[in-house]
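Coordinate inspection notes
Given next are the chains, with one letter for each unit.
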Amino acid sequence: MAERLKVHVDPDKCQGHARCKALAPELFELDEYGNAHEVGDGTVPAGLEDKAWLAKSNCPEIAIEVTEE
């Protein structure tokens, strides 16, 4: 079975730059303060793996974690 990716935003680190939302809107949502959180349980749909890694690498607060399951 192929490994799945999950994304998670650490709410204590996120400062609302919203780069993740701009780069991967399918994977991230913004709350009323502009801080990001993962869509649903954070599971990355097939074909969006590159966007997950791109969002992680572009987060200036290092608030995004990408894990393989």
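Check the entry above for the structure.
Here's what I pulled together on the structure shown here. What you see is a predicted model; the values in this text were computed from it and never measured. (Residues numbered from 1 in each chain as written. Predicted model: local features only at pLDDT ≥ 70, side-chain atom pairs only at ≥ 80, totals over all residues. Heavy atoms only, no water.)

As for the overall build of the chain
Short version of the rule: For the purposes of this entry, the term helix denotes a DSSP run of H or I that reaches at least four residues, the term strand denotes a run of E that reaches at least two, and both are numbered from the N terminus. All radius of gyration figures rest on C-alpha atoms, and the globule criterion is 2.2 Å times the number of residues raised to 0.38. Whether two residues are in contact is decided by their heavy atoms: any pair within 4.5 Å suffices.
Counting its regular elements, the chain contains 2 helices and 4 strands. Its helices and strands in sequence order give the chain the pattern β-α-β-β-α-β, from N to C terminus. For 69 residues, the compact-globule estimate of 2.2 N^0.38 gives 11 Å, and the C-alpha radius of gyration of the chain, at 11 Å, lies within 12% of that figure. In terms of overall dimensions, the chain has C-alpha extents of about 40 × 20 × 20 Å along its principal axes. Taking as baseline every contact in the chain between residues at least 6 positions apart, the subset at least 24 positions apart corresponds to 61%.

Observations concerning the environment of His17
Inclusion rule: Under the scheme applied here, a residue whose accessible area is under 20% of the maximum for its type counts as buried, over 50% as exposed, and between as partly exposed, the area being computed with a 1.4 Å probe on protein chains only. In protein, a polar contact means a hydrogen-donor-capable atom and an acceptor-capable atom, both N or O and within 3.5 Å, with residues adjacent in sequence counting only if both atoms are side-chain atoms; elsewhere, any N or O pair within 3.5 Å suffices.
Tracing the backbone through its elements, the reader meets His17 in the loop between strand 1 (5–9) and helix 1 (19–23). On the accessibility criterion, His17 (46% relative accessible area) is partly exposed. When the C-alpha atoms of His17 and Gly34 are compared, they prove to be 7.8 Å apart, with 17 residues separating the residues in sequence. When sequence neighbours within four positions are dropped, the list of residues in contact with His17 reads Pro60 and Glu61. Reaching out from His17, the side chain makes a polar contact with the side chain of Glu61 at a distance of 2.9 Å.

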